[in-house]
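# Summary of structural features
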Amino acid sequence: MTVSLIDGVDGEGEQVCLFDFLSRTLSGRGEILSYKIQEHEDFSGFPQLGGGKSISYCEAGREVHPYYAKADSHMREVELIALPQATFLPNSHSVMASGSYLYSKSLDLSIPRSDLIDHISMMEPSIRTDPRSGSWFDDSDLKCSDDVVLPICGPGFPNYGHFLYDGLPLAVLLRVNGYLDGRVKLVGRGLADWQKEILSRLGLVESYLEITEPRKFRYIIASSMLWGHVPYPTRLIRPVFDLIRATVSRGKCSASKARVFITRGTNARRGISNISELASLLKSHGFVTVNPYDVSLSNMIDIMSSARIVVGEGGAGMANVGFCDPGAYVLELQPSNFIDAWTRNTCRIMGLNWSVYLARDDASVGQYEIDLSTFSSSLDQFLGLATQ
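Here the structure is a predicted model, which is why all the values come from computation and not from measurement.

## A closer look at empty space enclosed by the protein
Taking a probe equal in size to a water molecule and rolling it over the atoms shows the remaining empty space. As enumerated under the stated definition, the model contains 2 cavities of 30 Å³ or more in all. Reported here for the largest cavity is a volume of approximately 70 Å³. Considering the residues around the largest cavity, the lining is formed by 14 residues, among which Arg 270, Gly 314, Gly 315, Gln 334 and Phe 338 are closest to the centre. Here the lining of the largest cavity gets 4 residues from one element, more than from any other, and that element is strand E16 (residues 329-335).

## Overview of the confidence of the model for the chain
The predicted coordinates of low-pLDDT regions are not to be read in fine detail. Of the residues in the chain, 76% reach a pLDDT of 70 or more, and the chain-wide mean stands at 81. Confidence drops under a pLDDT of 50 for residues 1-5, and excluding neighbours within four residues, the segment shows 20 contacts in the predicted structure. Segment residues 39-53: pLDDT under 50, and 32 contacts once partners within four positions in sequence are set aside and those in other chains are kept.

## Let's talk about helix H11 (residues 372-387)
Counted at 1.5 Å a residue, the expected span for H11 with its 16 residues is 22 Å, and the 22 Å between its end C-alpha atoms agrees. What H11 keeps buried is the set Phe 375, Ser 378, Leu 379, Phe 382, Leu 383, Leu 385 and Ala 386. For H11, the arc enclosing every buried residue in end-on projection is 150°, short of the 170-degree limit, so these residues lie on one face. Regarding H11, its N-cap is Asp 371, as a side-chain oxygen of that residue lies 3.1 Å from the backbone nitrogen of Ser 373 further along.

## Description of the pairing of strand E5 (residues 94-97)
Where burial is concerned, the two faces of E5 agree: the one with Ser 94 and Met 96 and the one with Val 95 and Ala 97 are both buried. Note: strand E4 (residues 77-89) against E5, 3 bridges, orientation antiparallel. Directly across from Thr 87, in E5, lies its bridge partner Met 96. Here E4 folds back onto E5, and the loop between the two strands holds 4 residues, one of which, His 93, carries a positive phi near 55°.

## What about the pattern of salt bridges?
Under the criterion given, the structure shown has 6 salt bridges. For Asp 146, the salt bridge identified is with Arg 218, shortest N-O distance 3.2 Å. Here Asp 146 is found in strand E9 (residues 144-151), whereas its partner Arg 218 is found in strand E12 (residues 215-223), with 72 residues between them in sequence. Owing to a relative accessible area of 21%, Arg 218 belongs among the partly exposed residues under this scheme.

## Re the layout of surface pockets
What the second largest pocket holds in volume is close to 210 Å³. Lining the second largest pocket are Tyr 160, Trp 194, Glu 197, Ile 198, Pro 292, Tyr 293, Val 295, Ser 296, Leu 297, Met 300, Gly 317 and Asn 320. For the lining of the second largest pocket, the elements supplying multiple residues, two or more each, are helix H5 (193-201) and helix H9 (297-306). Residue classes in the lining of the second largest pocket are distributed as 8 nonpolar, 3 polar and 1 charged.

## Notes on the packing of aromatic side chains
This structure, assessed with the given rule, holds 7 aromatic pairs. Ring geometry for Tyr 357 and Phe 375: centres 5.2 Å apart, planes at 85°, overall edge-to-face. Taken as a pair, Tyr 357 in strand E17 (residues 353-359) and Phe 375 in helix H11 lie far apart in primary sequence, 18 residues in all. Cluster of aromatic residues (ring-pair linked, three or more members): Phe 157, Tyr 160, Phe 163 and Trp 194.

What counts, and where the lines are drawn
Residues numbered from 1 in each chain as written. Predicted model: local features only at pLDDT ≥ 70, side-chain atom pairs only at ≥ 80, totals over all residues. Heavy atoms only, no water. 1 Å grid on protein atoms, 1.4 Å probe; cavity = no way out; pocket = protein on both sides within 12 Å on 5 of 7 lines; lining within 4 Å. Points joined across faces, edges and corners; volume = space filled by probe spheres on them. Helix = DSSP H or I, 4+ residues; strand = E, 2+ residues; numbered from the N terminus. pLDDT = per-residue confidence, 0-100. Contact = heavy atoms within 4.5 Å. Expected span 1.5 Å × (residues − 1). Buried < 20%, exposed > 50% of the residue type's maximum accessible area, 1.4 Å probe, protein only. Arc of directions from axis to C-beta. Polar contact = N/O pair within 3.5 Å; in protein donor to acceptor, adjacent residues only side chain to side chain. Pairing = 2+ DSSP bridges. Salt bridge = Lys/Arg side-chain N within 4 Å of Asp/Glu carboxyl O. Nonpolar A, V, L, I, M, F, W, Y, C, P; charged D, E, K, R; others polar. Phe/Tyr/Trp six-rings, centres within 6.5 Å; stacked < 30°, edge-to-face > 60°.

Spelled out as C-alpha cells, the structure:
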C-alpha cells in the first residue's frame, strides 16, 4: 500500500460556527468536516501594553537580518478538520486519513516534503510491511474505536514550546465549553512528568488517552495548529498561559526575581559557549539565572509572573515569557545565522516588549559566543529602555 500527502480538505461546515462543527462531528454523520477560525492579522487597532518598544542589537561584522524588519507573523486562520475512520500514529504524532492519506499539517514541516513519508516510516516501524519498498500496512485492517479524539500535540510533542502551543489551545477551548466530558478525548503517546503537570493544571489529565500503537478512531479532529502554531502563534495561546498561571500563587520564588536570565544550560545542543561569563555579567545587573529544566513548573510560573525584565537564550525555554505580566521587557539572544521570530510573535500577542541581540556566529550550527563588551553596552541601552 502506498501513502500520499494531503494539504487540506474542502468539506462541509466551513461557514458554520465551531459548536455546529463539533456537533456534526459528534453526531457521526461519517463525512469529512472542516471549519476555519479567522485570525486578526492586523494588530494595529488593538490596545498596546507592549510590543511597541524594541531595539535590535548586533555584534560587529553582522547586520540585523531584514526578516526582523517585517511585521509580526501570525496564522491568518486556523483550520480544523474532522477526519472519519482516521488513524493516529503515536511515535510521530501524525494523522493518517482514511485511504492512507497523511494530513500534512500534522507533520514536521521542517523536513523536506519529499522526505516526510520516509521519515514517518522510520519512526513508526509497526506500520511498515516492506522496509525495502517503503510499503505500509493497510489501515483498513485496523479495528476502529468509537472515540472522537483530538491530538494533544503534533510532532513537536517532546518539546516544551511545541507542547504548549501546538495542541493545548484547542484542548482548552473544548474543555471550557464542556466537550471533554467523554464525548471528545485527547490522544497522544506517554507523557513526561512535566507534561502531566501541565495537563493536570489545565484539568485535562482525565481526558487523556495514551496509546502506544497506531489506532483508528471514529473521528480525529486534526488542525493546522499541530505544527505551525509555534512560529506563527494566534491569540488562542493566551488562555493556555492564563489558566496555568491561575493555578499558581505567587510565593517565595518571585520575591527577588524582577530580573530573570533564562538559560539553556551548558549542555545544550545549541547555546552560548561562554554562558558562565555572561551569567556573571547579568548577575552584576541584578539578574537571577534560571534554567527551566532545573526548576519545577510551579516555581517557573512563580518566577516569571513577577519578572519585569527578561533576558533569555532563544529556544523552547522562552515560551515561559507567556507567564509574564503584560508590559514586561524581553531581550532574546540569538546567533545571527539562526533566524527565528516565534518569541517576538508571542510577545506581541501577550503584550510584552521584545528586543533581540544577534551574536556573531561563523559556524553553521551549535555553540556561539557572546562578545561581552558589545553585549554590556547593548544591555545598558536595553535596561534604559525598560526602566524609563
